[in-house]
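# Residue-level structure breakdown
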Amino acid sequence: MQNHYDVIIIGTGAGGGTLAHKLAPSGKKILLLERGDFVPREKDNWESRAVNVEGKYNTKEIWHDKDGKPLHPHTNYYVGGNTKFYGAALFRFRERDFGELRHYDGISPAWPISYQELEPYYTEAEQMYHVHGTRGEDPTDPWASAPYPHPAVSHEPRMQHLSEDFARQGCKPFHVPLGILLKEKDPRSQCIRCATCDGYPCLINAKSDAHTCAVEPALEYPNVTLLTNAKVVKLETNATGREISKVCVECDGSYEVYSANIVVVSAGAINSAALLLKSANDKHPNGLANASDVVGRHYMGHVNSVMLAVSKCPNPTVFQKTLALNDFYFGAPEWDFPMGHISFVGKLDGVALSAGAPAIAPGFTLDLMAKHSLDFWLTSEDLPDPNNRVTLDRSGNIVLSYTPNNVEPHKRLQAKLQSLMKQQTKCEMHGHDCHQGLFARNLFLAERIPLAGVAHQNGTIRFGDDPKTSALDRNCKAHDVDNLYVVDGSFFCSSAAVNPALTIMANALRVGDHLLERL
């Protein structure tokens, strides 16, 4: 049969792209289906107005929230998925994140696998995605079987000064583990440490995204085929309901059907859940692989905020995303519950600030504010609530229902950061109190990331050992369907409080080993 493959992988991001790379040397016939195209290489890749204000590369799809209001998701359908636009901060989950954790708002459940089981694959993923870092700087960092493959990305002077100030206050600042193709002090370095990394596609392919590090190398094997502009609209099963027999695809205006011995869904936690729900049939009336009724439920995306600390002294940093703090990840002496993670977004400019401009003093331009701001990114864990979920409306469109939880720890994390910033020492460059506000008081502007910010989406098709409470087994195979796997962030039982990308990549490599045995 011409359209039959050993493996079909739906989606080419952190999960699907990584899995394709793992399976490519096997010689098995592999089809990659990507609903989008390649990101066009053009000047707008690095234009703040195009990326941040106009949302040129965002999908134009409209979803709805629980109240029926339109939702314009900040998500991207391209080869490499959302990794084309991520900040490439590639963290391991902490070892304790894999066990049951008590939070302010409830329990973060244990995973069916341990950190120890995933650790070799974290190491493999760090090699594959060229991660730069230094082991042992971060006190919450889990043990590792190998050093980072590349040295940590150095701080620019303003960030180095801030790191030293944090250390003087008893904190343990560390270098963010970053996936970029950088050789510092080498004029031939592919990465040039530009200001357009986080949130932008890389015009020179120097970011360790799934397109660059996974899909392109996989396509060098003759047994791997990629179809772009190929949107999977439905999965059909055989008469028993135990096997996917047809993958139905809209491809450049035509309708095509493919089949495979193994079908892997990796369209992102929201779209993967939507696809399984759309694929309901007589044997699976609640949606494919959904006898447990968990498909679409337990959506998590973190409690995230951007906080600007605006000070007298300028911040001329170009590549800002090198510094992080996890001192409050699991709590503080006066607070027994986890709070979360503090790091940075890419350096914001006046144009980016105009996309969600806060109310500021008259005559104080956004450009001036951007030149004087430190742009922090704060992440706290949200908990898996069955009512936070992906459903479909009558027309089959996505509805994302979400009520934030575990918000109090995030407010405390913001307060911790403000307190640290108020104790900063004098600026070495200018001799005055660096973080005394430009106005009479300190200026801290905090903006919660809205529901449309779905970059950290996970949890909608959770894995587990009990088919009554999970959709997937420990190998990420559907309990109800023998040849269906899911390898994006859908499988997460909990969200931890760091970027999920490296954990998705590591798990895809783990599932890849299982599939190589099965094939």
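Everything here concerns the structure above.
Read on for a plain summary of the structure. Because the structure is predicted, anything quoted here is derived from the model rather than measured.

Quick look at the overall build of the protein now. Counting its regular elements, the protein contains ten helices and 21 strands. Computed over C-alpha atoms, the radius of gyration of the protein comes to 23 Å, within 12% of the 24 Å expected from 2.2 N^0.38 for 519 residues, which places it in the range of a compact globule. Residues counted as buried form 59% of the 519 residues belonging to the protein. Considering only residue pairs separated by 6 or more positions, the protein has 74% of its internal contacts joining residues 24 or more positions apart. Of the roughly 20000 Å² of accessible surface on the protein, a fraction of 51% belongs to carbon and sulfur atoms. The average position of the 51 basic charges and that of the 59 acidic charges among the side chains of the protein differ by 2 Å.

Take the sheet that holds strand S18 (residues 389-392) next. Strand order in the open sheet formed by four strands is S4-S3-S19-S18, and the pairing between neighbours is mixed. Each edge of the open sheet carries a strand with a single partner, namely strand S4 (70-71) and S18. Summarising the sheet, strand S3 (residues 63-65) and strand S19 (residues 398-401) pair through two bridges and their orientation is parallel. By the bridge assignment, Asp65 is partnered in S19 with Leu400.

Here we take up the side chain of Glu34. Within the secondary structure layout, Glu34 lies in the loop between strand S2 (30-33) and helix H2 (48-53). Buried and without a salt bridge, Glu34 has Arg35 as its closest oppositely charged side chain, separated by 6.2 Å.

With respect to the helices and strands, Leu23 occurs in helix H1 (residues 16-23). Of the residues examined, Leu23 reaches a relative accessible area of 0% and is grouped as buried. If we ignore the near neighbours within four places in the chain, the residues touching Leu23 are Val7, Ile30, Gly512, Leu515 and Leu516.

The next subject is the packing of aromatic side chains. Following the criterion strictly, the structure yields 23 aromatic pairs and no others. On the numbers, 5.9 Å between centres and 75 degrees between planes, the contact of Phe93 with Trp111 is edge-to-face. Remark: Trp111 occurs in the loop between strand S6 (106-108) and helix H3 (115-128) and Phe93 occurs in the loop between S4 and strand S5 (101-103); sequence separation between them is 18 residues. When sorted by exposure, Phe93 lands in the same class as Trp111, which is buried. On the basis of an interplanar angle of 90 degrees and a centroid distance of 5.4 Å, the ring pair of Tyr115 and Trp143 is categorised as edge-to-face. With a gap of 28 residues between them, Tyr115 in helix H3 and Trp143 in the loop between strand S7 (131-132) and helix H4 (157-168) connect regions that are remote in the sequence. By relative accessible area, which is 39% here, Trp143 ends up partly exposed.

With seven of its nine residues buried, helix H5 (residues 210-218) lies for the most part within the structure. When we look at burial in H5, the residues that qualify are Ala210, His211, Thr212, Cys213, Ala214, Val215 and Ala218. Among the structural elements, H1, S2, H3 and strand S10 (224-227) are those in contact with the buried residues of H5. Between the side-chain oxygen at the start of H5 and the backbone nitrogen of His211 there is a gap of 3.1 Å, and the oxygen is on Asp209.

Where H1 contacts helix H10 (residues 501-518), the axes come no closer than 8 Å and their chain directions differ by 40 degrees. Classified by the angle between their axes, H1 and H10 sit oblique to one another. When you trace H1 past H10, the crossing you get is right-handed. Where H1 abuts H10, its residues Thr18, Leu19, Lys22 and Leu23 lie against Met505, Ala508, Leu509, Val511, Gly512, Asp513, Leu515 and Leu516. Here the residues of the contact of H1 with H10 are counted per class, giving eight nonpolar, two polar and two charged.

Note on soluble globular proteins: their nonpolar side chains tend to be buried together. Core analysis: the largest hydrophobic core is formed by 114 residues, its most contacted members being Ile10, Tyr129, Leu235, Val247 and Leu484. In terms of residue count, the dominant contributor to this core is H10 (nine residues). The contacts of Leu235, once residues within four sequence positions are left out, are Ile10, Ile244, Lys246, Val247, Val263, Val265, Leu275, Leu276, Ser279, Leu288 and Leu484. Judged by nonpolar contacts, the second largest core, of 22 residues, contains Met159, Met307, Leu325 and Phe344.

Looking along a regular strand, one sees side chains alternate from face to face of the sheet. Pairing geometry for strand S11 (residues 230-237) and strand S12 (residues 244-251), over seven bridges, is antiparallel. Counterpart to Val232 in the pairing with S12 is Val249. Connecting the antiparallel pair S11 and S12 is a turn made up of six residues, with Gly241 showing a positive phi of about 80 degrees.

Let's shift gears to the pattern of salt bridges. Under the criterion given, the structure shown has 25 salt bridges. Between Glu126 and Arg92 there is a salt bridge, and its shortest N-O distance comes to 2.9 Å. One end of the pair, Glu126, is in helix H3; the other, Arg92, is in the loop between S4 and S5, and 34 residues separate them in sequence. As far as burial versus exposure is concerned, Glu126 and Arg92 are alike and both buried. Of the charged contacts, one joins Arg94 and Asp138 as a salt bridge, the two residues approaching to 2.6 Å between their closest N and O atoms. Of this pair, Arg94 sits in the loop between S4 and S5 while Asp138 sits in the loop between S7 and H4, placing them 44 residues apart in sequence. Asp138 matches Arg94 in its accessibility class, with the two residues each being buried.

Taken N-terminus to C-terminus, the directions of H1 and H5 make an angle of 40 degrees; their axes are 8 Å apart at the nearest point. The angle between H1 and H5 places the two elements in the oblique class. Our pair here, H1 against H5, has a crossing hand that is left-handed. For the pair H1 and H5, contact is made by Gly17, Thr18, Ala20 and His21 and by Cys213, Ala214, Val215, Pro217 and Ala218, respectively.

Our focus in this paragraph is the side chain of Asp209. Of note, Asp209 is situated in the loop between strand S9 (178-179) and H5. When sequence neighbours within four positions are dropped, the list of residues in contact with Asp209 reads Thr83, Lys84, Tyr86, Tyr129 and Ala214.

Moving on to unusual backbone geometry. For His298, which is not glycine, the phi dihedral falls at a positive 60 degrees. Structurally, His298 is set in the loop between helix H6 (269-278) and strand S14 (303-310). The buried category is assigned to His298, whose relative accessible area is 8%. Residue His302 is not a glycine yet carries a positive backbone phi of 75 degrees. Within the fold, His302 resides in the loop between H6 and S14.

Reading the values: rules and limits
Residues numbered from 1 in each chain as written. Predicted model: local features only at pLDDT ≥ 70, side-chain atom pairs only at ≥ 80, totals over all residues. Heavy atoms only, no water. Helix = DSSP H or I, 4+ residues; strand = E, 2+ residues; numbered from the N terminus. Rg over C-alpha atoms; globule rule 2.2 N^0.38 Å. Buried < 20%, exposed > 50% of the residue type's maximum accessible area, 1.4 Å probe, protein only. Contact = heavy atoms within 4.5 Å. Areas by Shrake-Rupley, 256 points an atom, 1.4 Å probe, with all protein chains shown as cover. Lys, Arg positive; Asp, Glu negative; His and termini not counted. Charge placed at Lys NZ, Arg CZ, Asp CG, Glu CD. Pairing = 2+ DSSP bridges. Salt bridge = Lys/Arg side-chain N within 4 Å of Asp/Glu carboxyl O. Phe/Tyr/Trp six-rings, centres within 6.5 Å; stacked < 30°, edge-to-face > 60°. Polar contact = N/O pair within 3.5 Å; in protein donor to acceptor, adjacent residues only side chain to side chain. Axes fitted to C-alpha atoms, helices over the stretch in contact; angles between N-to-C directions. Parallel < 35°, antiparallel > 145°, perpendicular 65-115°, else oblique. Left-handed = near helix turned anticlockwise from the far one by under 90°. Nonpolar A, V, L, I, M, F, W, Y, C, P; charged D, E, K, R; others polar. Core = buried A, V, L, I, M, F, W, Y, C linked by side-chain atoms within 4.5 Å.

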